[in-house]
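Breakdown of the fold
Here is how the chains run, residue by residue.
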Amino acid sequence: MVAVIGDIHGCYFTLVELYHRIKKIYTDIPVYCVGDLVDRGNHSHSVMEFIIDEKIRFTPGNHDFMFSHYFKNPGSIFARSWNLNGNEMTLQSYEGWEKDIYRHIDQIHAAPLYYNTPDCFISHAGISEQYRHILDPGYKDDITEIEELIYNDYATDRGVLWTRDNLLNLGKLQVIGHTKQSEISFDEESNALYIDTGACIGNKLSAVIIHESEVVDTFEENTHLNDII
């Protein structure tokens, strides 16, 4: 059994409240996040510190990669894109904490692009249906076959950080963020659960409890106004 939290986007106070509600009931299960920890909300620095301190496992999102590349690889497409994707609040959140930037970036780059747990497959944007024609017909029996595709293709529009495609049915539940929904949404055809419920636009931060590809519980925390105003 695992807990998975949706896109946080700098909403620190919302995250803390949601996380403690989860741990009060599910004391011992691992907690994951589908990425986009930073940008748009007011407290990206505090979110990163909390994620690290609480040992929350995460897959980096496209916003996390844009942030890290801005400082580590400023000529990359990720770095150039960051100026157009809500970086102002992230930079402000690190004022006075500049010494933490590269430590946080190291955590982002150390994080895997997906987790294939016994209960579900976790990534930021999901595995595109476009990969179907590349994979052997028996890919559902060995999901690790797609690892090379994921790591070679992560910067493209169909990659695991960016895709808005229909998703590939992996034979187990995919839990993803990236594509905002007003509510937690399940796509039956792709067996994919979308859990980015727009915390950074004033809706809510959501989390799911998954056991063997089944949702056994959900948590929602309305966005705290001090995270976005």
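Higher on the page you've got the structure.
Counting from 1, residues in each chain are numbered in the order their sequence is written. Totals for whole chains, interfaces and linings use all residues, but because this is a predicted model, local features are given only for residues with pLDDT of at least 70 and pairs of side-chain atoms are given and counted only at 80 or more. Remark: hydrogens and water are excluded; side-chain values derive from all non-hydrogen atoms of the structure.

1. Focus: the pattern of salt bridges
Charged atoms that come close allow side chains of opposite charge to pair. Salt bridges, as used here, are contacts in which a Lys or Arg side-chain nitrogen is within 4 Å of a carboxyl oxygen on Asp or Glu. For the coordinates displayed, the defined rule picks out nine salt bridges. For the salt bridge of Arg158 with Asp153, the shortest nitrogen-to-oxygen distance reads 2.6 Å. For the exposure calls, accessible area comes from a 1.4 Å probe over protein chains only, and a residue counts as buried if that area is under 20% of its type's maximum, exposed if over 50%, partly exposed in between. Relative accessible area serves as the criterion here: at 24%, Arg158 is assigned to the partly exposed category. The shortest N-O distance in the salt bridge between Lys204 and Glu220 comes to 3.2 Å. Remark: Glu220 occurs in strand E10 (residues 214-222) and Lys204 occurs in strand E9 (residues 204-211); sequence separation between them is 16 residues. Residue class for Glu220 comes out partly exposed when judged on its relative accessible area of 34%. Strands are runs of DSSP state E lasting at least 2 residues, helices are runs of H or I lasting at least 4, and numbering of each runs from the N terminus.

2. Describing the pairing of E10
DSSP calls a pair of strands paired once it identifies at least 2 bridges connecting them. Bridge count for E9 against E10 is eight bridges, and the pairing is antiparallel. Residue pairing for E10: Ile210 is matched across the bridge by Val215. Between the end of E9 and the start of E10, which pair antiparallel, lie two residues, with Glu212 showing a positive phi angle near 50°.

3. Quick notes on the packing of helix H2 (residues 44-53) against helix H6 (residues 101-110)
Lines fitted to C-alpha atoms define the axes here, with helix axes fitted over just the stretch in contact, and angles between the N-to-C directions of these axes take values from 0 to 180 degrees. Their axes nearest at 11 Å, the elements H2 and H6 cross at an angle of 55°. Relative to H6, the element H2 lies oblique. As H2 packs across H6, the resulting crossing turns out to be left-handed. Contacts between H2 and H6 involve His45, Met48, Glu49 and Ile52 from the first element and Arg103, His104, Gln107 and Ile108 from the second. For this classification, Asp, Glu, Lys and Arg are treated as charged, while Ala, Val, Leu, Ile, Met, Phe, Trp, Tyr, Cys and Pro are nonpolar and the rest, including Gly, are polar. Across the contact of H2 with H6, the residue classes break down as three nonpolar, three polar and two charged. By the definition adopted for this analysis, an angle is roughly parallel if under 35 degrees, roughly antiparallel if over 145, roughly perpendicular if from 65 to 115, and oblique otherwise. Each crossing gets its handedness from the near helix: less than a right angle anticlockwise from the far helix is left-handed, clockwise is right-handed. Note on contacts: a residue pair qualifies if any of its non-hydrogen atoms lie within 4.5 Å across the two residues.

4. Observations regarding helix H1 (residues 12-25)
Multiply 1.5 Å by the residue count of a helix minus one, and that product is the helix's expected span. Taking 1.5 Å per residue, 14 residues should reach 20 Å; H1 reaches 21 Å between its end C-alpha atoms and fits that length. Taken together, the buried positions of H1 are occupied by Thr14, Leu15, Val16, Leu18, Tyr19 and Ile22. In this structure, the buried side of H1 is in contact with strand E1 (2-5), strand E2 (31-33), H2, E9 and E10.

5. Regarding the nonpolar core
Among the nonpolar cores identified, the biggest contains 52 residues, and Ile5, Ile8, Leu37 and Ile127 are the most heavily contacted of them. Residue contributions to this core peak at five residues, all from H1. Residue contacts for Ile5: discarding those within four places in its chain leaves Leu15, Leu18, Ile22, Val31, Tyr32, Cys33, Val34, Ile195, Leu205, Ser206 and Ala207. The criterion is simple. A nonpolar core is a set of buried Ala, Val, Leu, Ile, Met, Phe, Trp, Tyr and Cys residues joined through side-chain atoms within 4.5 Å. Val4, Tyr32, Val34 and Leu173 belong to the second largest nonpolar core, which has 13 residues in total.

6. So, the packing of helix H3 (residues 62-72) against H6
Across the interface, H3 lies against H6 with an axial gap of 10 Å and an inter-helix angle of 125°. Judged by the angle between their axes, H3 and H6 are oblique. In terms of crossing hand, the pair formed by H3 and H6 is left-handed. Here H3 contributes Asp64, Phe65, Phe67, Ser68, His69, Phe71 and Lys72 to the contact with H6, which in turn contributes Ile101, Tyr102, Ile105, Asp106, Ile108 and His109. A breakdown of the residues in the contact of H3 with H6 according to their chemical character gives seven nonpolar, three polar and three charged.

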